[in-house]
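Results of the structural survey
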Amino acid sequence: MRALRLAVVVFLVLISLATWVPRVRVAGVGPDLFLGVVFFIVLWRGAAWGVWAGFVLGLLVGVEDPATLGRDSLALGLAGLLVGRGLLGLDRTSPFVIVVLIFFAAFSADAVRAVLAGLSDPGSIPLLLLRWALPGALYTAIVLPVLAWTAARLLGLEGWILGAA
Amino acid sequence: MRSSQRPLSRRLRPWLVPGAALLLSLGLMLLPFSVKSGLATVLERSVFLPYRFAVGWGPRSLLAQHRAMMTLQERARGELTIDAALEATRESSRLRAMLGFRRRSETGLLPAVVVGLGRGRFGDLLVVEPADPALVAPGMVVITSDGLLGRVRLWDGGYARVECLTSLEMAVSVTNQRTSEGGILKWDPVRGGLAIGAIPSQSDWQLGDRVVTSGLGLTFPRGILVGWVRGHRVGRGSLLQSIEVRPAARAAQAQEVFLLRTTDTAWPTPAERSGTGFSAFFPPESVRFEAGAGQPPRAAARPEPEF
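Anyway, here's the lowdown on the structure attached to this text. Predicted model, so just to flag it, every value in this text is computed and none were measured. (Residues numbered from 1 in each chain as written. Chains lettered and ligands numbered in written order. Predicted model: local features only at pLDDT ≥ 70, side-chain atom pairs only at ≥ 80, totals over all residues. Heavy atoms only, no water.)

1. Focus: the overall build of chain A
- Counting its regular elements, chain A contains 6 helices and 0 strands.
- Written out in order from the N terminus, the α and β elements of chain A read α-α-α-α-α-α.
- Pairs at least 24 apart in sequence give 61% of the contacts found in chain A among residues at least 6 apart.
- Carbon and sulfur atoms make up 74% of the accessible area of chain A, which totals about 7100 Å². (Helix = DSSP H or I, 4+ residues; strand = E, 2+ residues; numbered from the N terminus. Contact = heavy atoms within 4.5 Å. Areas by Shrake-Rupley, 256 points an atom, 1.4 Å probe, with all protein chains shown as cover.)

2. Observations regarding the overall build of chain B
- For chain B, the count of helices and strands is 7 helices and 12 strands.
- Relative to its full complement of 307 residues, chain B shows a buried share of 40%.
- Across chain B, every contact between residues at least 6 apart in sequence was considered, and the portion connecting residues at least 24 apart equals 55%. (Buried < 20%, exposed > 50% of the residue type's maximum accessible area, 1.4 Å probe, protein only.)

3. Let's talk about the sheet that holds strand 8 (residues 193–200) of chain B
Residues and elements named next belong to chain B.
- Strands sit in the order 6-7-8-11-10-9 around a closed barrel of 6 strands; the barrel is antiparallel. Direction aside, the axes of adjacent strands within the sheet are offset by 45 degrees on average.
- Where strand 10 (residues 225–234) and strand 11 (residues 240–247) come together, 7 bridges link them in antiparallel fashion. Each residue of the ladder has a partner; that of Val229, found in strand 11, is Val245. (Pairing = 2+ DSSP bridges. Axes fitted to C-alpha atoms, helices over the stretch in contact; angles between N-to-C directions.)

4. Regarding the interface of chain A and chain B
- Listed by partner, the interface residues are 46 residues for chain A and 42 residues for chain B.
- Both faces considered, chain A and chain B share a buried interface measuring about 4100 Å² in area, 74% of it formed by carbon and sulfur atoms.
- If you sort the residues of chain A by the area they bury against chain B, Val63, Glu64 and Leu69 of chain A come out on top, with a joint share of 17%.
- Our enumeration of links across chain A and chain B arrives at 0 salt bridges. (Buried area = accessible area lost by both parts, 1.4 Å probe. Salt bridge = Lys/Arg side-chain N within 4 Å of Asp/Glu carboxyl O.)

5. Topic: helix 2 (residues 33–44) of chain B
Residue and element names in this part refer to chain B.
- Taking 1.5 Å per residue as the helical rise, helix 2 with its 12 residues ought to reach 16 Å, and the 16 Å between its terminal C-alpha atoms agrees with that figure.
- Regarding helix 2, the residues found buried are Lys36, Ser37, Ala40, Leu43 and Glu44. For helix 2, the angular spread of buried residues about the axis comes to 130 degrees, placing them on one side. In helix 2, those exposed residues whose orientation departs by more than 90 degrees from the buried face are Ser34 and Val42. (Expected span 1.5 Å × (residues − 1). Arc of directions from axis to C-beta.)

6. Here's the deal with a nonpolar patch on the surface
- Side chains of Trp52 of chain A together with Leu16, Val17 and Leu24 of chain B sit close together on the surface and give an oily, nonpolar patch of about 360 Å² of accessible area.
- Of the residues forming the nonpolar patch, the biggest block, 3 residues, is contributed by helix 1 (residues 2–30) of chain B.
- In this fold, Leu16 of chain B is placed in helix 1. (Patch = residues over 30% accessible without salt bridge, like charges linked within 9 Å, V, L, I, M, F, W, Y side chains within 5 Å.)

7. A few points about helix 6 (residues 125–155) of chain A
- Along helix 6 of chain A, the sharpest change in direction is near 25 degrees and occurs at Ala133 of chain A; proline Pro135 of chain A comes one to four residues later.
- Looking one or two residues past helix 6 of chain A, Gly156 of chain A carries a phi angle of roughly 70 degrees, positive in sign. (Bend = angle between axes of the 7 residues up to and from the residue.)

8. Quick notes on the layout of surface pockets
- In this structure, the second largest pocket encloses a volume near 730 Å³.
- Around the second largest pocket, the lining is made up of 28 residues, and of these Ala117, Ser120 and Asp121 of chain A together with Leu168 and Pro189 of chain B lie nearest the centre.
- Among the residues making up the lining of the second largest pocket, the classes are represented as 14 nonpolar, 6 polar and 8 charged. (1 Å grid on protein atoms, 1.4 Å probe; cavity = no way out; pocket = protein on both sides within 12 Å on 5 of 7 lines; lining within 4 Å. Points joined across faces, edges and corners; volume = space filled by probe spheres on them. Nonpolar A, V, L, I, M, F, W, Y, C, P; charged D, E, K, R; others polar.)

9. A few points about the packing of helix 2 (residues 33–45) of chain A against helix 5 (residues 95–117) of chain A
All names here are of chain A.
- For the pair helix 2 and helix 5, the least separation of the axes is 10 Å and the interaxial angle reads 130 degrees. Taken as axis vectors, helix 2 and helix 5 run oblique relative to one another. The two elements helix 2 and helix 5 meet at a crossing, and its hand is right-handed. Of helix 5, the residues touching helix 2 (which contributes Leu35, Phe39 and Leu43) are Ile98, Leu101, Ile102, Ala105, Ala106 and Ala109.
- Taken together, the residues of the contact of helix 2 with helix 5 break down into 9 nonpolar, no polar and no charged. (Parallel < 35°, antiparallel > 145°, perpendicular 65-115°, else oblique. Left-handed = near helix turned anticlockwise from the far one by under 90°.)

10. Things to note about the pattern of salt bridges
Residue and element names in this part refer to chain B.
- Applying the stated rule across the entire model yields 10 salt bridges over all chains.
- Residue Arg151 pairs with Glu163 through a salt bridge whose shortest N-O separation is 3.3 Å. Here Glu163 lies in strand 5 (residues 159–164) and Arg151 lies in strand 4 (residues 148–156), a separation of 12 residues in the sequence.
- In this structure Glu163 comes out as buried when scored by relative accessible area, which is 4%.
- Arg178 is the salt-bridge partner of Asp209, the closest N and O atoms lying 2.9 Å from each other. Placement of Asp209 in the loop between strand 8 and strand 9 (210–213) and of Arg178 in the loop between strand 6 (171–176) and strand 7 (182–188) is noted, with a sequence separation of 31 residues between them.

11. Regarding the nonpolar core
- One finds Phe34, Leu35, Phe39, Leu57 and Leu60 of chain A to be the most contacted residues of the largest nonpolar core, which totals 51 residues.
- Elements represented by at least two residues in this core include exactly helix 1 (2–18), helix 2, helix 3 (47–62), helix 4 (71–86), helix 5 and helix 6 of chain A together with helix 1 and helix 2 of chain B.
- Examining the composition of this core, we find that 10 residues originate from one element, helix 2 of chain A, more than from any other.
- Membership of the second largest hydrophobic core comes to 30 residues, among which are Leu128 and Trp132 of chain A together with Leu194 and Val229 of chain B. (Core = buried A, V, L, I, M, F, W, Y, C linked by side-chain atoms within 4.5 Å.)

12. Remarks on empty space enclosed by the protein
- Under the definition given, this model contains 2 cavities of 30 Å³ or more.
- Of the voids in this model, the largest cavity is the one considered here, and its volume is about 230 Å³.
- The wall of the largest cavity is formed by 17 residues, among which Asp65, Thr68 and Arg71 of chain A together with Phe122 and Leu125 of chain B lie closest to the centre.
- A class-by-class count of the residues in the lining of the largest cavity yields 4 nonpolar, 5 polar and 8 charged.

The values are spatial; any link to function lies outside them.
Put into structure tokens, the structure is as follows:
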């Protein structure tokens, strides 16, 4: 049942990525919804599940452009690991903790992508981080909690946000 | 000895499962492109098949149907302009015949419908379904009614993946249609736009100048509209500048695209080129263009064909 629910969530995320997400991009930067899926899987099931979910979702992105196969898997997997380790000893019911963790996870995922994309020109990596990773992480940290809060309210779940209870 | 190993193994245990996933990701990245491509095809037709059909890769998906409807609407609008375009083509042919010009190459357009957008974070990638799959090959140039969009990077059964100009791997040899000065256009991921780098600062590039493909490099035919100059940047103390270009065609807005089939029918036949050396392999206008290092004499410049 959980697997089916997860498949539905991924389906909705893909629909979103093909419909409204491109329309809310600001200067090419949009929220990273796949990271949101990884984040809330870590909240529900722990770091190992999150890392493997990141790996599979990264493959889903990679099959569209095989030249980058593995890049998004590594980025999302590392983000899942970061969230899993970061949650240890922290109060997951705190909105502040959730937002900060989403920010760092999104930044780390985009940072991995930027580093791998800029390997041929290492000088451009800091600029890529400033241009894409930082604003993308900020945007993601704003949008994801709002979406998760809305979803938690619509589904009648406990806690202020998905998986926080 | 055993007591010292147990704590270490316990400490490592939580890292093993996530570490395996990360190592697998690294391994995937190091694979050669052909293996990656095959793996992607297998995954797309097995594990991710439901998503492919549901979310926009498949022709029966809601998004594809919606795009098909929009395409029909666009086609209906386009037919209104076909008569005018035909008349212009006939006039062009008459003038060419009167002046003794030959077409450098003949191109055919293969229509295709956009059925999916890439979901990567850097760059744009489109998934298109061509009208006749048998005619598609990797490397084919892709245009819209607005201008150059990119080229076919991968051909997989009924779908082609189009690498757009806003992609890290793309580089296009372009020329300023007004001054015939050339350069290499690439996507600048830092600024998020197209730019022509390493242009001498005294070069004549003005706002609004049309930028078209130069035909050098043999990948893109000459004269396809790429965009318009929208600014320039000069580094501090540098003698070179970077020209920023506003793209004519945008991947996010593309609904129907055309794959360009090029056949160099006007080039010399084997009989014509026998024993005459270099000049026989290239038409005279091509030789003049090469000799001018991307800057043919202005007197020889004439309007480029547009798409």
